[in-house]
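These are the residues of each chain, in order.
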Amino acid sequence: MSESRQKFPVAKGLFITGTDTEVGKTVVTGAIAKVMGDQGRKIGVFKPIATGCELRREGLVSMDAEFLAHCSDTESPLEEINPVRYLEPMAPSVAAKRTKREVDWEEIHQAYKNIIEKNDILLVEGIGGVMVPISEDYLVLDMMVDMGLPVIIVARSKLGTINHTLMTVEICRSRGVKVAGVVINGYQPDSADLAEQTNPEIIAEMTGLNILAITPYDKKVNVERGRLGADVLAAVRRVKWADLI
């Protein structure tokens with residue numbers, strides 16, 4: 001068995017994936033971490049691989065990982081929260097080839113183990129969608145299977161999200177991944193057209209899944225500055241996340 005296909009230790013938590021990149025996985029994961037932390041739980045956050053990182057004095061840093069660390073108020077260092085980092089914004093398999101630096105699976109597995117040992121609940125944020133290649137023969141979907149955590153799918157509110165969400169649900173189920181529900185992100189009620197208004201109902205009907213939350217577009221959210229908006233938090237607080245684990 002390759003390093004990438006080693007089973008991860010059993011953990012209590014959720015894996016947050018998306019129907020695409022830039023759908024709001026980081027914001028939703030951060031909001032869940034904040035809400036559950038406010039309820040007295042010790043929350044660990046984990047972003048195994050990040051691309052599109054910033055080059056700083058101390059090295060490559062993922063703004064998404066910084067945001068998750070801030071929202072969760074975790075004691076874990078950034079290099080543990082996000083053990084594998086690449087500068088250019090692209091699929092990990094391509095970034096690894098371009099930098100001639102393969103994904104360090106030993107580091108990922110060790111960081112995962114360290115985080116679950118120190119926390120009550122683990123929230124893992126994926127990279128891109130479920131079919132993003134981490135290596136030539138290993139997808140984000142494979143990581144989801146190997147971690148064995150219930151999955152939250154974050155989807156857009158716009159036209160086209162039915163197709164993307166149903167395909168994501170279908171591919172997850174085809175590999176035995178438990179999908180705990182869907183979060184529709186970035187909804188703007190004042191300007192929503194008929195498609196946006198009806199998408200959640202259609203997705204729920206066709207998948208049999210609960211639409212756990214419809215998180216609104218909130219201009220106060222700023223990942224770079226570690227800011228969560230009150231409107232997003234209000235939507236996330238209505239969900240009993242612990243019941244999904």
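To be clear, the structure that these remarks concern was listed above.
Heads up: these notes are all about the structure in this document. (Residues numbered from 1 in each chain as written. Predicted model: local features only at pLDDT ≥ 70, side-chain atom pairs only at ≥ 80, totals over all residues. Heavy atoms only, no water.)

## Focus: the overall build of the protein chain
Then, in step 1: For the protein chain, the count of helices and strands is nine helices and twelve strands.
Then, in step 2: The globule rule puts the C-alpha radius of gyration for 245 residues at 18 Å, and the 17 Å found for the protein chain is close to it.
Then, in step 3: For the C-alpha atoms alone, the extent of the protein chain along its principal axes is close to 50 × 35 × 30 Å.
Then, in step 4: Taking all 245 residues of the protein chain together, 52% fall into the buried category.
Then, in step 5: Counting only contacts in the protein chain whose residues sit at least 6 apart along the sequence, the fraction spanning at least 24 positions is 79%.
Then, in step 6: For the protein chain, the computed accessible surface area is about 11,800 Å², with 48% contributed by carbon and sulfur atoms.
Then, in step 7: A gap of 3 Å separates the mean positions of the 29 positive and 34 negative side-chain charges of the protein chain. (Helix = DSSP H or I, 4+ residues; strand = E, 2+ residues; numbered from the N terminus. Rg over C-alpha atoms; globule rule 2.2 N^0.38 Å. Buried < 20%, exposed > 50% of the residue type's maximum accessible area, 1.4 Å probe, protein only. Contact = heavy atoms within 4.5 Å. Areas by Shrake-Rupley, 256 points an atom, 1.4 Å probe, with all protein chains shown as cover. Lys, Arg positive; Asp, Glu negative; His and termini not counted. Charge placed at Lys NZ, Arg CZ, Asp CG, Glu CD.)

## Brief notes about the pattern of salt bridges
Then, in step 1: In the structure shown here, the tally under the stated rule is twelve salt bridges.
Then, in step 2: When the shortest N-O distance is used, the salt bridge between Arg-56 and Glu-66 registers 2.8 Å. Pair noted here: Arg-56 is in strand 4 (residues 54-56) and Glu-66 is in helix 2 (residues 63-72), with a separation of ten residues, a long-range link.
Then, in step 3: For the salt bridge of Asp-142 with Arg-175, the shortest nitrogen-to-oxygen distance reads 3.0 Å. Placement of the pair is Asp-142 in helix 6 (residues 140-147) and Arg-175 in the loop between helix 7 (161-174) and strand 11 (179-187), with a sequence separation of 33 residues.
Then, in step 4: Residue Arg-175 is classed as partly exposed on the basis of its relative accessible area of 33%. (Salt bridge = Lys/Arg side-chain N within 4 Å of Asp/Glu carboxyl O.)

## Some remarks on the packing of helix 1 (residues 25-38) against helix 9 (residues 230-237)
Then, in step 1: Put simply, helix 1 and helix 9 touch, their axes get as near as 9 Å, and they point 65 degrees apart. On the basis of their axis angle, the class for helix 1 and helix 9 is roughly perpendicular. Viewed along their axes, helix 1 and helix 9 form a crossing whose handedness is right-handed. Taken together, the residues of helix 9 that come into contact with helix 1 (itself represented by Val-27, Ala-31, Ile-32, Lys-34, Val-35 and Asp-38) are Val-232, Leu-233, Val-236 and Arg-237.
Then, in step 2: Here the residues of the contact of helix 1 with helix 9 sort into seven nonpolar, no polar and three charged. (Axes fitted to C-alpha atoms, helices over the stretch in contact; angles between N-to-C directions. Parallel < 35°, antiparallel > 145°, perpendicular 65-115°, else oblique. Left-handed = near helix turned anticlockwise from the far one by under 90°. Nonpolar A, V, L, I, M, F, W, Y, C, P; charged D, E, K, R; others polar.)

## Comments concerning the sheet that holds strand 2 (residues 43-46)
Then, in step 1: The six strands lie next to each other as 2-7-1-10-11-12, forming an open sheet whose pairing is parallel. If you trace the sheet from one side to the other, it starts and ends with strand 2 and strand 12 (211-216), each paired once. Averaged over all adjacent pairs, the angle separating strand axes in this sheet is 20 degrees, with direction ignored.
Then, in step 2: Strand direction decides the pairing type here: strand 1 (residues 13-18) and strand 7 (residues 121-129), joined by five bridges, are parallel. Each residue of the ladder has a partner; that of Leu-14, found in strand 7, is Leu-123.
Then, in step 3: Sheet strands in contact with helix 7 are strand 1, strand 10 (151-156) and strand 11, and its direction is about 160 degrees off that of strand 10. (Pairing = 2+ DSSP bridges.)

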